[in-house]
Amino acid sequence: MSKKSASKLISNFPLSKLVLSPINPRQDVDAAEIEALAQSIKACGLLQNLVGIEEGDKVGIVAGGRRFRALTHLLEHKDILASFLVPVRIADNEEQALEWANTENNARKDLNPVEEVKAYGTMALKGFAPEKIAIAFAQTVRHVKGRLKLANLAPCILEALAKGEITLDTAAAYTVCDDQERQAEVFESLSRSWGGDNTRTIKRLLMEEANTATDRRARLIGREAYEAAGGKVREDLFGEEVYFLNTDILERLTREALEVKRQALLAEGWKWVEVGEDMLSYDERSKFDRLYPTAFPLSDENQRRFDALMELYNESKATELEVKELEGLEEVQKSQYLAVDLDFSGVYLWLDNQGTIRAEEGYVRPEDRDGAVKAGLLAEREPVTEPTAIKEEKAAYSQALLTDMAVIRTGALQAAILEDDALAKDIAIFAMVTKAWESALPCNITSGIAKNEVEEHGQTLPEILTIADDWNRPSADVVGERFAAFRKKTDQEKTDILTLAVARSLTANIHVGHPIPFVDLLADAVKLDVRNTWTPNSTFFKRLKADQLDEIRSFIDGKPVSANFANMKKGDKVARLHALFNNDVDRNGLSPEAKDRIASWVPDCMINHPLTPEQATSQEEEAEQDLAA
């Protein structure tokens, strides 16, 4: 058929003469999608004809059903008239109409994400607002804004997306940061590592200087107060995260909130109120004596009245006045600190992970103990002290930080065990035949996974180690079926399963001053290097004391810390060390030895302590005696 004869098949019909043909392949469509298409047609016009077949005095639309519904939507909202002329290509018969309908729908292909990005980006460069672009392409404004964020991705990421090397979700994770150089740097580092497409890892590395809405300071202050103080946020268009970009403002507001609470407690009469970063560890608490509130028991008469009121309350028979009386009696017997308690004790304030200010009251400092004894608040006793060297060692890190470092060490050890099938087999057999306390044998060769990730601390673990434990427990029949299937696996498949189970079960706890020989032996066997899966970052450095930051810088330089670094504010020290550990460009000018020291540094508590030959011989003899017995 010639071009001229084909064009004669297209005629204009009033919208009132068109109906949806039953042979149209698109019988079910999304209402929101039709509304968006209607707005696009309203803004840009109908850019493509419909396809139909004459059905009496009507024309049945066999292809272009979405456009027909969009026109009907415009008619219903009085944006067009029933006489609106619609171009329709008319088929000669039903067979041809059906062929055209299926051909158009099969050939129809939406723009792929990269094509969308380029198309939206071109319109944006010409000055079109996202709202206009959304109308033109019959999409939501949020969808368009998301694609426009993709338009600002580093070229290497867009190229990988176009080639199908990464998914749209992976590419979208990079949009949390506008710095294309930083995007490219993180993409390059992750593309060669395990779990390089993990969106949480990507966002964490790109926004490690920022704080999410789940940060305890952000939870305390709240977004509204933070923004009112001039703080800026960035919302992740492709996820649920909100990033608080101004750490200095967040920290200032947190300090102010803690100070308000501190002053309120001082006004109550406490001798001192101290603000700390984390909950006091057991070792820190042991330095204090503790006073507790005094209970005020009810008189016999009031106790009988209280019991009677409580019985009425539990049976929902108490009147409003009786409920108030009950509350009054409860208040009378509430434990509380006496004025004399406040004269000799204080309060420790800290912020928990939920953003709640916690107050631990009644701590008596060593210098106030004698006064508390004379006041009859404490009994006389000789204070128990530990050797100075042990005190200093235990006080190096807070218990909360030690716990997180143990988790980081656990992840590193699990990743190393994945590469050693023979060692995993030895661990499994040994663990199954050895009865020992968990602290001595820190692995559970059943099911489950030991915690091995600390959020925002710069870890990059194999993806298989980051899969959450499945707490669903199968029935006996299912277990039997699974075992039958398991027996059919190859020896190598069984070995891989065993190795993974062993690796996921290991826990590399840290007990300062009391290393766990089993863990240290494993660490020595695999030549454990925690830095293979962890790079210290600002989140970690913020949790150290200023003098500990000085020690790290001194270690890097191989000489006493410079006065320039020592005199910096803690925040500036954190930023400088973060840059040295995480950015190649910030290490320019350093000696090769200094760079090596940066690459190898770990906290003292993460250094392996393998058994000495004498210890190993002693343990072998004990094992032989156990077997003989």
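The structure contained in this document is the topic of the report that follows. Note that this is a predicted model, so its numbers are computed, not measured.

Side note on the overall build of the protein chain
Within the protein chain one finds 31 helices and twelve strands. By the burial criterion, 37% of the 629 residues in the protein chain qualify as buried. Intrachain contacts of the protein chain at a sequence separation of at least 6 include 72% that bridge at least 24 residues. Within the structure as shown, the protein chain displays about 36500 Å² of accessible surface, and the carbon and sulfur contribution to it stands at 52%.

A look at the pairing of strand β5 (residues 85-90)
The alternating pattern of β5 places Val86, Val88 and Ile90 on a buried face, while none of Leu85, Pro87 and Arg89, on the opposite face, is buried. In this structure, strand β3 (residues 50-55) lies alongside β5, joined through three bridges in parallel fashion. Pairing of Val51 across the sheet is with Arg89, part of β5.

What to know about helix α2 (residues 31-44)
Every α-helix carries 3.6 residues per turn, so stepping three or four residues along brings you back to the same face. With 14 residues, α2 extends 20 Å between its outermost C-alpha atoms, agreeing within 8% with the 20 Å of an ideal straight helix rising 1.5 Å per residue. Within the sequence span of α2, burial applies to Ile34, Ala36, Leu37, Ala38, Ser40 and Ile41. Once α2 finishes, Gly45 follows within two positions and takes phi at roughly 90 degrees, a positive value.

Here we look at the nonpolar core
By size, the foremost hydrophobic cluster in this structure holds 48 residues, and its most contacted members are Met405, Ile417 and Phe541. When residues in this core are grouped by element, the largest group, ten residues, is from helix α21 (residues 399-417). Filtering out sequence-adjacent residues up to four positions away, Met405 remains in contact with Tyr397, Ile510, Phe540, Pro603, Cys605 and Met606. Of all hydrophobic cores here, the second largest spans 22 residues; its members include Leu153, Ile157, Leu161 and Leu205.

Some words on the sheet that holds strand β1 (residues 10-14)
Taken together, five strands build an open sheet; the order of strands is β1-β5-β3-β4-β2 and the sheet is mixed. Where the open sheet ends on each side, the last strands, each with one partner, are β1 and β2 (18-20). Along the sheet, successive strands turn relative to each other by an average axial angle of 50 degrees, direction set aside. Strands in contact with helix α3 (residues 65-76) are β2, β3, β4 (58-63) and β5; relative to β2, the strand with the most contacts, it is inclined by about 125 degrees.

Here we look at a nonpolar patch on the surface
Among the surface-exposed residues, Phe296, Leu338 and Val340 lie close enough to one another that they form a single nonpolar patch of about 200 Å² accessible area. Position of Leu338 among the secondary structure elements: in the loop between α17 (320-332) and α18 (339-344).

Some remarks on the packing of aromatic side chains
One pass over the structure, following the stated rule, counts ten aromatic pairs. A ring pair is formed by Tyr174 and Phe187, whose centres lie 5.9 Å apart and whose planes are at 70 degrees; its orientation type is edge-to-face. Of this pair, Tyr174 sits in the loop between α9 (168-173) and α10 (180-190) while Phe187 sits in helix α10, and the two are 13 residues apart along the sequence. Considered together, Tyr174 and Phe187 belong to a single accessibility category, that of buried residues. Linked through ring pairs, Trp534, Phe540, Phe541, Phe581 and Trp601 together constitute an aromatic cluster. The ring of Tyr363 carries the charged tip of Arg290 above its face, separated from the ring centre by 4.3 Å. When the ring centre of Trp272 is taken as reference, the NZ or CZ atom of Arg365 above it lies at 3.9 Å.

Regarding the packing of helix α8 (residues 155-162) against α10
In the contact formed by α8 and α10, the axes pass within 8 Å of each other and the chain directions differ by 55 degrees. Taken together, the axis directions place α8 and α10 in an arrangement best described as oblique. For the pair α8 and α10, the contacting residues are Pro155, Cys156, Ile157 and Ala160 in the first and Gln180, Gln183, Ala184 and Phe187 in the second. Of the residues in the contact of α8 with α10, the class split is six nonpolar, two polar and no charged.

Comments concerning the environment of Ser398
By secondary structure assignment, the location of Ser398 is in the loop between α20 (388-394) and α21. When the C-alpha atoms of Ser398 and Asp283 are compared, they prove to be 9.2 Å apart, with 115 residues separating the residues in sequence.

Definitions and cut-offs
- Residues numbered from 1 in each chain as written.
- Predicted model: local features only at pLDDT ≥ 70, side-chain atom pairs only at ≥ 80, totals over all residues.
- Heavy atoms only, no water.
- Helix = DSSP H or I, 4+ residues; strand = E, 2+ residues; numbered from the N terminus.
- Buried < 20%, exposed > 50% of the residue type's maximum accessible area, 1.4 Å probe, protein only.
- Contact = heavy atoms within 4.5 Å.
- Areas by Shrake-Rupley, 256 points an atom, 1.4 Å probe, with all protein chains shown as cover.
- Pairing = 2+ DSSP bridges.
- Expected span 1.5 Å × (residues − 1).
- Core = buried A, V, L, I, M, F, W, Y, C linked by side-chain atoms within 4.5 Å.
- Axes fitted to C-alpha atoms, helices over the stretch in contact; angles between N-to-C directions.
- Patch = residues over 30% accessible without salt bridge, like charges linked within 9 Å, V, L, I, M, F, W, Y side chains within 5 Å.
- Salt bridge = Lys/Arg side-chain N within 4 Å of Asp/Glu carboxyl O.
- Phe/Tyr/Trp six-rings, centres within 6.5 Å; stacked < 30°, edge-to-face > 60°.
- Lys NZ or Arg CZ within 6 Å of the ring centre and 35° of its normal.
- Parallel < 35°, antiparallel > 145°, perpendicular 65-115°, else oblique.
- Nonpolar A, V, L, I, M, F, W, Y, C, P; charged D, E, K, R; others polar.

Functional significance is not addressed by these values, which are geometric in nature.
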